[in-house]
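Residue strings, one per chain:
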Amino acid sequence: MKRFVFLLLSGSLLIAWQAGKSPHYELSASNELTRPDPSVYRKWQYIGSSVVPNEMNSGKAIFPGIHHVYVDPDSYRAHRDKGAWPDGTIVIMEVQHIQEKETVGGFGYFTTGAMDILVQLKDRRVFPGNGWSYYLYRDKDIKAGKTVAAPEDARCTSCHQSAAEEDELFKQYYPELRKP
Ligand code: HEC
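Residues numbered from 1 in each chain as written. Predicted model: local features only at pLDDT ≥ 70, side-chain atom pairs only at ≥ 80, totals over all residues. Heavy atoms only, no water.

Before going further, it helps to spend a moment on the pairing of strand β3 (residues 65–71). Put simply, side chains in a regular strand alternate between the two faces of the sheet. With six of seven residues buried, β3 is to be regarded as a mostly interior element. Direction of pairing for strand β2 (residues 45–52) relative to β3: antiparallel, over a ladder of seven bridges. Looking at β3, one finds that Tyr-46 is bridged to Tyr-70. In the sheet, β3 pairs with strand β4 (residues 90–103) via six bridges, with the strands oriented antiparallel. Looking at β4, one finds that Val-69 is bridged to Met-93. (Buried < 20%, exposed > 50% of the residue type's maximum accessible area, 1.4 Å probe, protein only. Helix = DSSP H or I, 4+ residues; strand = E, 2+ residues; numbered from the N terminus. Pairing = 2+ DSSP bridges.)

A few words on the environment of Lys-143. Within the secondary structure layout, Lys-143 lies in helix α4 (residues 139–143). Note on Lys-143: relative accessible area 62%, which makes it exposed. Sequence separation between Lys-143 and Met-115 is 28 residues; the distance between their C-alpha atoms is 9.9 Å. Only 2.8 Å separates the side chain of Lys-143 from the side chain of Asp-139, close enough to count as a polar contact. (Polar contact = N/O pair within 3.5 Å; in protein donor to acceptor, adjacent residues only side chain to side chain.)

Of all residues adjacent to the ligand, which total 22 residues, the nearest are His-67, Cys-156, Cys-159, His-160 and Tyr-174. For the ligand, an oxygen atom lies 3.2 Å from a polar atom in the side chain of Ser-50. Interatomic distance of 2.9 Å between a side-chain N/O atom of His-160 and a nitrogen atom of the ligand. Put simply, the ligand lies in the largest pocket. If you list the elements that add at least two residues to the shell around the ligand, you get β3, β4, β5 (106–122), β6 (132–137) and α5 (154–163). With four residues, α5 is the single largest residue contributor to the shell around the ligand. (Near = heavy atom within 4 Å. 1 Å grid on protein atoms, 1.4 Å probe; cavity = no way out; pocket = protein on both sides within 12 Å on 5 of 7 lines; lining within 4 Å. Sits in = over half its atoms within 2 Å of the grid points.)

Our next topic: the nonpolar core. By size, the foremost hydrophobic cluster in this structure holds 19 residues, and its most contacted members are Ile-47, Leu-169, Tyr-174 and Leu-177. Tyr-174 has contacts with Ile-47, Gly-48, Val-69 and Leu-169, leaving out every residue within four places of it along the chain. Tyr-25, Tyr-41, Trp-44 and Ile-117 belong to the second largest nonpolar core, which has 17 residues in total. (Core = buried A, V, L, I, M, F, W, Y, C linked by side-chain atoms within 4.5 Å. Contact = heavy atoms within 4.5 Å.)

A few words now on the side chain of Asp-123. Take Asp-123: it is sitting in the loop between β5 and β6. Separated by 2.9 Å, the side chain of Asp-123 and the backbone nitrogen of Arg-125 make a polar contact.

It is worth spelling out the pattern of salt bridges at this point. Considering all chains together, one arrives at twelve salt bridges under this definition. A salt bridge links Lys-122 to Asp-167; the shortest N-O distance between them is 2.6 Å. Here Lys-122 is found in strand β5, whereas its partner Asp-167 is found in the segment after α5, with 45 residues between them in sequence. A relative accessible area of 5% means that Lys-122 is categorised as buried. Note on Asp-167: relative accessible area 24%, which makes it partly exposed. (Salt bridge = Lys/Arg side-chain N within 4 Å of Asp/Glu carboxyl O.)

Inspection of every chain in the model, using the stated rule, returns four aromatic pairs. For the pair Tyr-41 and Tyr-70, a centre-to-centre distance of 5.6 Å together with 50 degrees between the ring planes defines the contact as tilted. Residue Tyr-41 is found in helix α2 (residues 38–41), and its partner Tyr-70 is found in strand β3; the two are separated by 29 residues along the sequence. The buried category is assigned to Tyr-70, whose relative accessible area is 9%. Connected via pairs of aromatic rings, a cluster forms that spans Tyr-41, Trp-44, Tyr-46 and Tyr-70. (Phe/Tyr/Trp six-rings, centres within 6.5 Å; stacked < 30°, edge-to-face > 60°.)

Now the structure itself:
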């Protein structure tokens, strides 16, 4: 009986793997992605940050704030060793909303506590083209309890495809990926 349960379990694990699952994210049968958990991805590999304020973008940057970018550790190592992003890669861009402030440290942009979570994940067995799929969780949706998102449309993909340096990823802005 125990052996039967074990076989059944390993069988379903195999099917899950073949269906293109990654240990670092959860996709439903209709490719909806469970919202990644900050307490988990903030311990992944950090690759870089940028600040994109509204003030430098005629008042309307697409994703105004401080951007922090993380990659799951297995894919980071695979990319470091082999120079390519494997299926199962997940990249998170956390966009912390900002406000101008004066603090004891000086004038600057400081976080407000609100944030959006942007995701791109790669699986050529599931998604066409280069295999990337994009997801967005806005702060207001997260606060309203939204825990899954459907893949975004071509507006994410087209900008990444046309302007990113490496395989739809903006490697040119991440110090951790540009080390000699
Ligand atoms: C007009 C261009 C443009 C559009 C549209 C766009 N992005 Fe990006 N994205 C960028 C740039 C430039 C970066 C580089 C890092 C930064 O901005 O801090 C980036 C970075 C990212 C990253 C970090 C990994 C990487 O590829 O560098 C993720 C994840 C991401 N975007 C998701 C999305 C999602 C999801 C959407 C659609 C809702 C989207 N992006 C739409 C330009 C775009």
